[in-house]
Amino acid sequence: MSGKTNLAIFDLDGTLFDTRRVNYLSYREALLPFGVDLDFDYFARECNGKHYKTFIPVLLRSAGNDDSEISEMTEKVHEKKKNCYPKFLHETNPNAHLFSVIRLIRHEYSIALVTTASRKNCMEILGFHKNAELFDLILTAENVKNKKPDPEGFLKAMEHFCASAENTMIFEDSAEGLLAAERTGATTFAVRGFA
């Protein structure tokens, strides 16, 4: 344990990185074989920041896919999306100001990343931008049973560092993520876009 009593937790998609384009292009490619031609505006409005099991079944049903096969198709789409992701990483945009904040507070705060993204895609984007070493703990979709707006991921990070809600701050962008953050009792900051 580091001896630090303060904890700062950051979300990945939409908070540390603008990943709308990389996620959109990856999902679009993965969905095409199932008869879904995904529109960017629809994706940004209805899908971005949400867990894949929430929106992929809706898209598959809208294209007339058999209801009895939706669950299996959803997993196939998600696997294909994860495999497409690396080739579109050049479409990602890091939140330079937030990364500056992380570098400035590292001596006082433990730094955690909590995301609903897969570990594979999370580590790929951090590796691409060469900033994985900034995080003392990384929790991904594989580390939790309950996705945001459930606070499980944030609470696990707080427990890992023995950090109280009073000593924790969380940075999030999505409605689900902000609700999850607020449910921990920690100080919550809403990230509203970045250049």
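This text follows the structure it describes.
Residues numbered from 1 in each chain as written. Predicted model: local features only at pLDDT ≥ 70, side-chain atom pairs only at ≥ 80, totals over all residues. Heavy atoms only, no water.

### What about the pairing of strand E6 (residues 168-172)?
Phase 1: Counting buried positions over the five residues of E6 gives five, a clear majority of the element.
Phase 2: Where burial is concerned, the two faces of E6 agree: the one with Thr168, Ile170 and Glu172 and the one with Met169 and Phe171 are both buried.
Phase 3: When strand E1 (residues 6-10) meets E6, the two strands line up parallel, connected through four bridges. Directly across from Ile9, in E6, lies its bridge partner Ile170.
Phase 4: Direction of pairing for E6 relative to strand E7 (residues 187-190): parallel, over a ladder of four bridges. Across the sheet, Glu172 pairs through a bridge with Ala190, a residue of E7.
Phase 5: After leaving E6, the chain enters helix H8 (residues 175-182) and then returns to the sheet as E7, a path that is right-handed. (Buried < 20%, exposed > 50% of the residue type's maximum accessible area, 1.4 Å probe, protein only. Helix = DSSP H or I, 4+ residues; strand = E, 2+ residues; numbered from the N terminus. Pairing = 2+ DSSP bridges. Right-handed = clockwise from strand over helix to strand, strands pointing away.)

### Comments concerning the sheet that holds E1
Phase 1: Here we have five strands laid out as an open sheet, ordered E5-E4-E1-E6-E7, and parallel in their pairing. Among the strands making up the open sheet, the edge pair consists of strand E5 (137-139) and E7. Taking each pair of neighbouring strands and ignoring which way they run, the sheet shows an average axis angle of 20 degrees.
Phase 2: With five bridges connecting them, E1 and strand E4 (residues 109-114) associate as parallel partners. Note that in E4 the partner of Asn6 across the bridge is Tyr109. (Axes fitted to C-alpha atoms, helices over the stretch in contact; angles between N-to-C directions.)

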